[in-house]
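Letter by letter, the chains look like this.
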Amino acid sequence: MGIAVADEVTGPYEDLGLILKSGMRGESEDGTQFDARVHPNVIDPDVFYDAEGRLWMVYGSFSGGLFILELDPATGFPLPDQGYGKHLWGGNHSRIEGPAVLYDAEAGYYYLFVTYGGLDAAGGYNIRVARSTSPDGPYVDADGQDMADVKSDPTLPLFDDVTIAESAVKLMGNHVLAPATDGMPALGYVSPGGSSPFLDEETGRTLIAFHTRFPGRGEAHQVRVHELAIDEDGWPVISPLRWAGEPDREPSADDLPGSYTLVDHGPRTISRSMAEAESITLADDGTVTGDREGAWEADGDRVLLTLDGEEISAETFRQWDEAGARWLTTLTGLTSGSTALAVVPRG
C-alpha cells in the first residue's frame, strides 16, 4: 500500500512511496514472521478524521482481519512504531473485508461498516456494522460482542463462515423486492457490499455507496447509493430504495396506511439464499395484516411496528419509485436478531 498526492483530484499524482506490505516471506511490519492468519492483507484502506481532528486509516481483507493505524495529518504516513496498527475485527482468513468508518456526532458513535462473504453472485456478500465511542475501538455489535474476538475457527476448513456469521448488525443482503415480470427484471440485490458511508455536505444527508449484483443477471454489477439514518437505539439503517436526489417532501404519517412489500434480511447467515418478499397491510385502524400480523403507530419520523409479537422501531424515508414513477414513503427497522426489515409500498 502506498501514497500518492496531487493538488487536484484529477491529478497528476506524485508517488510518495510505500507505507505497508503484506504477504512477504520473512519479517513483517511488526517485526515478527509474517503469518496470514494473524497479519492483515494490506488493501481496502479508508481514511477518516475523528471528533478531535486526528487522522486514522482502517484497512484489511480476509487473512488476519481488519486493522487501524493513526496517520500524520501533515504527511498522510502512519505515525511511527505502530507496526500494522491495532487489530479490530476478523482473523484466521475470515471472509470479512472492506472496512469504512462513519462518525455521527449526534449519536456519539463511530460506525465501522464491513462486508461479510464473497463478492460474486454466489458469494453471499452482505453489509454489516458495529460501533464504538472511540475511533480505534473496541467496536461492538448490538449484543455487546467485541468484534476483535470475531474470527474463523482455525481447526475448520479455510473460509469458515459459520463461526463468524452471528456477529455484527446485518443491514442488507441478497433480496428480491419484486419478482421479474414481462419486460421487467426482478427488483432486488445480489451480494451487496464494499460499502462506503459518507455525509453529503450539500444536502446534510448521510448516504452509503456500495456495489451489487442483481437477481437473474449473473456477475453483472453496478454501484448503488442509498440513504442512511440512525435509529432510536443509535444504529444505522439503510433505505430500501436507492437515492434519487432530494425528495419532493419529508415523510408524513398520512403516507403510511396501505399495502407494502416486506423483506427480512435475516437470519445472520452468509449464503447465496435470497430473502423473498412478503406482503403486509398497514390499516387505518393501526392494525397490520397479511404475511405478518400486529399493529403500527406513527411516532414522529419513525413508525413503531409490532409484527408477530416483535416490536420494531422503523425509520421513514421519502423515495423515488422508478417503476411507478412516483415518490413514496418507505420504512427500515432492525429486528431483535440484529437484521434489517425493509418495507416498501406496493404498486
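Up top you'll find the structure we're talking about.
I will try to describe carefully the structure that is included in this document. Given the structure is predicted, the values throughout are model-derived calculations rather than measurements.

**A look at the pattern of salt bridges**
No. 1: In total, this model carries 16 salt bridges according to the counting rule given.
No. 2: Here Glu250 and Arg205 are joined by a salt bridge, their closest N and O atoms 2.9 Å apart. With a gap of 45 residues between them, Glu250 in the loop between strand E15 (236-242) and strand E16 (258-264) and Arg205 in strand E13 (residues 205-213) connect regions that are remote in the sequence.
No. 3: Given the relative accessible area of 15%, Arg205 is considered buried.
No. 4: Note that Arg302 and Glu315 form a salt bridge whose closest N and O atoms lie 2.5 Å from each other. With Arg302 in strand E20 (residues 302-307) and Glu315 in strand E21 (residues 310-321), this residue pair connects regions lying 13 residues apart in the sequence.
No. 5: With a relative accessible area of 23%, Arg302 lands in the partly exposed category.
No. 6: For Glu315, a relative accessible area of 7% gives the class buried.
No. 7: One network of salt bridges, with partners in common, ties together Arg205, Glu227, Glu246 and Glu250.

**A closer look at a negative patch on the surface**
No. 1: Judged by side-chain charge, Glu232, Asp233, Glu297 and Asp299 come together as a negatively charged surface patch.
No. 2: The residue Glu297 is located in strand E19 (residues 294-299) in this model.

**Some words on the nonpolar core**
No. 1: One finds Trp89, Ile96, Tyr116 and Tyr139 to be the most contacted residues of the largest nonpolar core, which totals 21 residues.
No. 2: Of all elements in the fold, only strand E4 (55-59), strand E5 (66-71), strand E6 (86-89), strand E7 (96-104), strand E8 (109-116) and helix H1 (162-165) reach the threshold of two or more residues within this core.
No. 3: Looking at this core, the element that brings in the most residues is E8, giving four residues.
No. 4: Residues Ile127, Val169, Leu228 and Val237 belong to the second largest nonpolar core, which totals 20 residues.

**Structural notes on the packing of aromatic side chains**
No. 1: With the rule as written, the count across this model stands at nine aromatic pairs.
No. 2: Here the aromatic rings of Phe62 and Phe159 are separated by 5.5 Å at their centres, their planes lie at 70°, and the arrangement is edge-to-face. Of the two residues, Phe62 sits in the loop between E4 and E5 while Phe159 sits in the loop between strand E9 (126-132) and H1, which places them 97 residues apart along the sequence.
No. 3: Taking the relative accessible area as the measure of exposure, Phe62 reaches 18% and is therefore buried.
No. 4: Residue Phe159 is classed as partly exposed on the basis of its relative accessible area of 37%.
No. 5: Both rings, one in Tyr189 and one in Phe210, keep their centres 5.8 Å apart while their planes meet at 75°; by these two values the pair is edge-to-face. Residue Tyr189 is located in strand E12 (residues 187-200), and its partner Phe210 is located in strand E13; the two are separated by 21 residues in the primary sequence. The same class applies to Tyr189 and to Phe210, which are both buried.
No. 6: Feature note: the residues Phe48, Tyr103 and Tyr110 constitute an aromatic cluster, connected by ring pairs.
No. 7: A cation over an aromatic ring shows up here: Arg131 above the ring of Tyr109, its NZ or CZ 4.1 Å from the ring centre.

Calculation rules
Residues numbered from 1 in each chain as written. Predicted model: local features only at pLDDT ≥ 70, side-chain atom pairs only at ≥ 80, totals over all residues. Heavy atoms only, no water. Salt bridge = Lys/Arg side-chain N within 4 Å of Asp/Glu carboxyl O. Helix = DSSP H or I, 4+ residues; strand = E, 2+ residues; numbered from the N terminus. Buried < 20%, exposed > 50% of the residue type's maximum accessible area, 1.4 Å probe, protein only. Patch = residues over 30% accessible without salt bridge, like charges linked within 9 Å, V, L, I, M, F, W, Y side chains within 5 Å. Areas by Shrake-Rupley, 256 points an atom, 1.4 Å probe, with all protein chains shown as cover. Lys, Arg positive; Asp, Glu negative; His and termini not counted. Charge placed at Lys NZ, Arg CZ, Asp CG, Glu CD. Core = buried A, V, L, I, M, F, W, Y, C linked by side-chain atoms within 4.5 Å. Phe/Tyr/Trp six-rings, centres within 6.5 Å; stacked < 30°, edge-to-face > 60°. Lys NZ or Arg CZ within 6 Å of the ring centre and 35° of its normal.

Don't take any of this as a statement about function, it's just geometry.
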